[in-house]
Amino acid sequence: AASDVYKRQVLIDGILRKGHTLLVTARSKAGKTFLMLGLAVAVACGTEWLGRHCELGRVLFVNPEVDPPSAENRLHDVAEAMGADLSTVQAQVDFWHLRGHAQGIEGTAHALFSRVERGDYALVILDSVYELYTGDENSAEDARKFFHEIDRIAKHLGCSVAMTHHHAKGIRSDLDALDRGSGSGVFGRKPDAPLDLIQVFPPSEDDAPCDGVTVWRVSDSGLREFPALRPFDVRFEYPCHKLVTDAAELVGERIGETVKATTLKKYVEESEMFEVEQTSAQRWRVVPARAPTGSQLALE
């Protein structure tokens, strides 16, 4: 379209443009740092993040929270799990470790401007916001000042900025994603691409994932440049988040042909080994075929 001429190029397909801001919110210990490391790898290698293509570019990971050796070991583990070329990741991703030296967003911005040239990086990741935020988290004015500095970083360095933020305590899953982040509502409204992760709890123990694996529902609270995302699920299997693939898509990939969900369901229903158990009007699952009861055996 002619209007696209005036828009910035895309960094993350359907989510983020170059020079814009991304904020990911989730509860504490939800693996947000691993998610950001996955984004760093995806941009560094020009591959996918959360199923979305990322344009190739260099990344600066500002780390005010994690011990430096641990952070770099995590990057290595995430890159390896994603099947990325480790030498490419090492060349494309730089760390700026600030643990014990964090000085607020204004001081951080000033230091960035003195050491980084415009165009050096396609993406700067700040993990996380609370380590760099010095004002009152519940003050709309202080939050606006914080995001003003974030915008200044993006503009001055010609890069996108991605950040992580934590949920408020006792957050409810039925609360709008826009209002789950801790503090002022500015956190949910100011970023160009606000994404939220909330844990998905299985309806029964039979549906629970393996030990150490958690499932998260990803949704947006208002993408400024793109249509709303259809909420989707990811599994956090240490050390990275993996897109939960639709069963029909997974089978299609294995056999090299497109398979419709209705066709897959029909095959399962006709199988002697498995049955279809309807869990809702739109969802079903595959369970082992039940052995016939004594009365059924007698009738046969």
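Owing to the predicted nature of the structure, the values given are computational and were not obtained by experimental measurement.

*Asks:* With reference to specific residues and values, describe the sheet that holds strand E8 (residues 123-126).
*Replies:* Ordered by their spatial adjacency, nine strands build an open sheet running E7-E6-E8-E9-E3-E10-E11-E12-E13, and the pairing between neighbours is mixed. Of all the strands in the sheet, just strand E7 (93-97) and strand E13 (240-243) have a single pairing partner and so form its edges. In this sheet, neighbouring strand axes are inclined to one another by 25° on average, regardless of whether the strands run parallel or antiparallel. One ladder, built from four bridges, connects E8 with strand E9 (residues 160-166); its direction is parallel.

*Asks:* So what's going on with the packing of aromatic side chains? Which residues, and what values?
*Replies:* On inspection of all chains with the given rule, the structure shows seven aromatic pairs. Plain terms: the ring middles of Phe34 and Tyr238 are 5.2 Å apart, the flat faces sit at 70° to each other, and that makes the pair edge-to-face. Of the two residues, Phe34 is situated in helix H1 (residues 32-45) and Tyr238 in the loop between strand E12 (232-237) and E13; the sequence distance between them amounts to 204 residues. With a centroid separation of 5.3 Å and an interplanar angle of 90°, the aromatic rings of Phe146 and Phe147 are classed as edge-to-face. Accessibility expressed as a relative area gives 3% for Phe146, which makes it buried. Through a chain of ring-to-ring contacts, three or more aromatic side chains come together here, namely Tyr133, Phe146, Phe147 and Phe187.

*Asks:* Can you lay out the packing of helix H4 (residues 104-115) against helix H5 (residues 140-157) for me, pointing to particular residues and giving the numbers?
*Replies:* It is the contact of H4 with H5, at a shortest axis distance of 10 Å, that shows an interaxial angle of 10°. If you check the angle between H4 and H5, you find them roughly parallel. Across the interface between the two elements, Ile105, Glu106, Ala109, Leu112 and Phe113 from H4 touch Phe146, Glu149, Ile150, Arg152, Ile153, His156 and Leu157 from H5. Looking at side-chain class alone, the contact of H4 with H5 contains eight nonpolar, one polar and three charged residues.

Rules used in this analysis
Residues numbered from 1 in each chain as written. Predicted model: local features only at pLDDT ≥ 70, side-chain atom pairs only at ≥ 80, totals over all residues. Heavy atoms only, no water. Pairing = 2+ DSSP bridges. Helix = DSSP H or I, 4+ residues; strand = E, 2+ residues; numbered from the N terminus. Axes fitted to C-alpha atoms, helices over the stretch in contact; angles between N-to-C directions. Phe/Tyr/Trp six-rings, centres within 6.5 Å; stacked < 30°, edge-to-face > 60°. Buried < 20%, exposed > 50% of the residue type's maximum accessible area, 1.4 Å probe, protein only. Parallel < 35°, antiparallel > 145°, perpendicular 65-115°, else oblique. Contact = heavy atoms within 4.5 Å. Nonpolar A, V, L, I, M, F, W, Y, C, P; charged D, E, K, R; others polar.

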